[in-house]
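Given next are the chains, with one letter for each unit.
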Amino acid sequence: MTLERILEPEVMDSPREAQEYNDMDHSEVNQRFVSEMLSFLETDEWFANRLDTETDGVEESTYLDALDVGTGTALIPIELCERHAEFRVMAIDMAISMLELARYNIASSVAGHRIELGQVDAKTMGYDTDAFDLVMSNSIIHHIPEPVECVEQMVRVVRPGGAIFIRDLMRPTDAETLDQIVQTYAGHESEYSRKLFRDSLHASLSLEEMRALAVKFGFAAETVLATSDRHWTWAAIVPEIESDA
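The present account deals with the structure reproduced in this document. None of the values given here were measured: they were computed from a predicted structure.

Looking now at the overall build of the protein. When helices and strands are counted, the protein shows nine helices and seven strands. Counting over 245 residues, the protein shows a buried share of 51%. In the protein, the proportion of contacts linking residues at least 24 apart, taken out of those at least 6 apart, comes to 76%. Of the accessible surface of the protein, which amounts to about 12,000 Å², a share of 49% is contributed by carbon and sulfur atoms.

Following this line, the structure appears as structure tokens:
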């Protein structure tokens, strides 16, 4: 029997949830996310030319503007900005408790001056259309009851020729597989952390569901791939608008 999606709370906004999340060791996951995102960007000529620069002396007007949706405690923006001086990041989340810890993390980073935080609902972003060169997100989609609303906003705010790099958990096909994944990747964590992980897996989209969302907004289904036994990744360059001339 196919495992049905069971929603979890949309916003993790208790101090305990935020601290539990921040205390978990995300370093390897975050490093891999940023490395794979940069590798994807380098397959595009425009991004490759921009990223093939010195790592200092970047002028204000030449930054690559990125939006991190569901930033949590801002660990991925920190990883990205510490590794590449071309980027500045608008990092948004709805959870005040997460953002409070994010401020502490950013203050401790040498690249913190290139990261701005905002308490913003991913389903109703107020940013201008085509405002960002890159929209990135790790593990926000499974929090959204109707993910189409969030994806619509992500596509709207990234400029033509810009990039989308979204990763999230992938709902297992059955309860047995879910139990195996929880034990494999969170068996050493606290009981509460294991519960958070289990609930997140149960709330996640399947690969087929996320591919259907990508297609809905004009992207090929193949831009969404299973990139581990528990993740899908949507990596796409937004098509340029062709002139009628």
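The strand order across the open sheet built from seven strands is 3-2-1-4-5-7-6, with neighbouring strands paired in mixed fashion. Every other strand in the sheet has two partners, leaving strand 3 (115-119) and strand 6 (224-226) as the edge strands with one partner each. Across the sheet, the mean angle from the axis of one strand to that of its neighbour is 20°, orientation sign disregarded. The pairing of strand 1 (residues 64-69) with strand 2 (residues 87-93) spans six bridges and is parallel. The residue of strand 2 that forms the bridge with valine 69 is isoleucine 92. Where helix 6 (residues 147-157) meets the sheet, it contacts strand 1, strand 4 (132-138), strand 5 (158-169) and strand 7 (231-237), and its direction lies at approximately 145° from that of strand 5.

In the structure shown here, the tally under the stated rule is five aromatic pairs. Taking the centre distance of 5.2 Å and the plane angle of 80° together, the rings of phenylalanine 33 and phenylalanine 165 count as edge-to-face. Of the two residues, phenylalanine 33 sits in helix 2 (residues 27-41) while phenylalanine 165 sits in strand 5, which places them 132 residues apart along the sequence. A single burial state applies to phenylalanine 33 and to phenylalanine 165, both of which are buried. Judged by centre distance (5.2 Å) and plane angle (85°), the rings of phenylalanine 219 and tryptophan 234 are edge-to-face. One end of the pair, phenylalanine 219, is in the loop between helix 9 (207-216) and strand 6; the other, tryptophan 234, is in strand 7, and 15 residues separate them in sequence. Under the relative-accessibility criterion, tryptophan 234 is labelled buried at 0%. In this arrangement the basic side chain of arginine 159 is found over the ring face of tryptophan 46, its NZ or CZ atom lying 4.3 Å from the centre. Sitting over the ring of tyrosine 185, arginine 230 keeps its end group 3.6 Å from the ring centre.

Cut-offs applied
Here, residues in each chain are numbered from 1, in the same order as that chain's written sequence. Side-chain atom pairs in this predicted model are given and counted only at pLDDT of 80 or more, local residue features only at pLDDT of at least 70, and totals for whole chains, interfaces and linings cover all residues. The side-chain numbers reported here are obtained from all heavy atoms of the structure, hydrogens and water having been left aside. Strands here mean DSSP runs of E at least two residues long; helices mean DSSP runs of H or I at least four residues long; both are numbered from the N terminus. Burial here depends on accessible area, computed with a 1.4 Å probe over protein chains only, as a share of the maximum for the residue type. Under 20% is buried, over 50% is exposed, and the range in between is partly exposed. Working rule for contacts: check all heavy atoms of both residues, and any pair within 4.5 Å makes them a contact. Computed with the Shrake-Rupley method and a 1.4 Å probe, the accessible areas treat only the protein chains shown as cover for residues. When DSSP finds two or more bridges between a pair of strands, those strands are recorded as paired. For helices, the fitted line uses only the C-alpha atoms of the stretch in contact; every axis is such a line through C-alpha atoms, and the angle between N-to-C directions lies from 0 to 180 degrees. Planes of paired rings set the category: under 30 degrees apart is stacked, over 60 is edge-to-face and the rest tilted, where pairs are Phe, Tyr or Trp rings (Trp by its six-membered ring) whose centres lie within 6.5 Å. Two conditions define a charge sitting above a ring: the NZ of Lys or the CZ of Arg must be within 6 Å of the ring centre, and it must be within 35 degrees of the ring normal.

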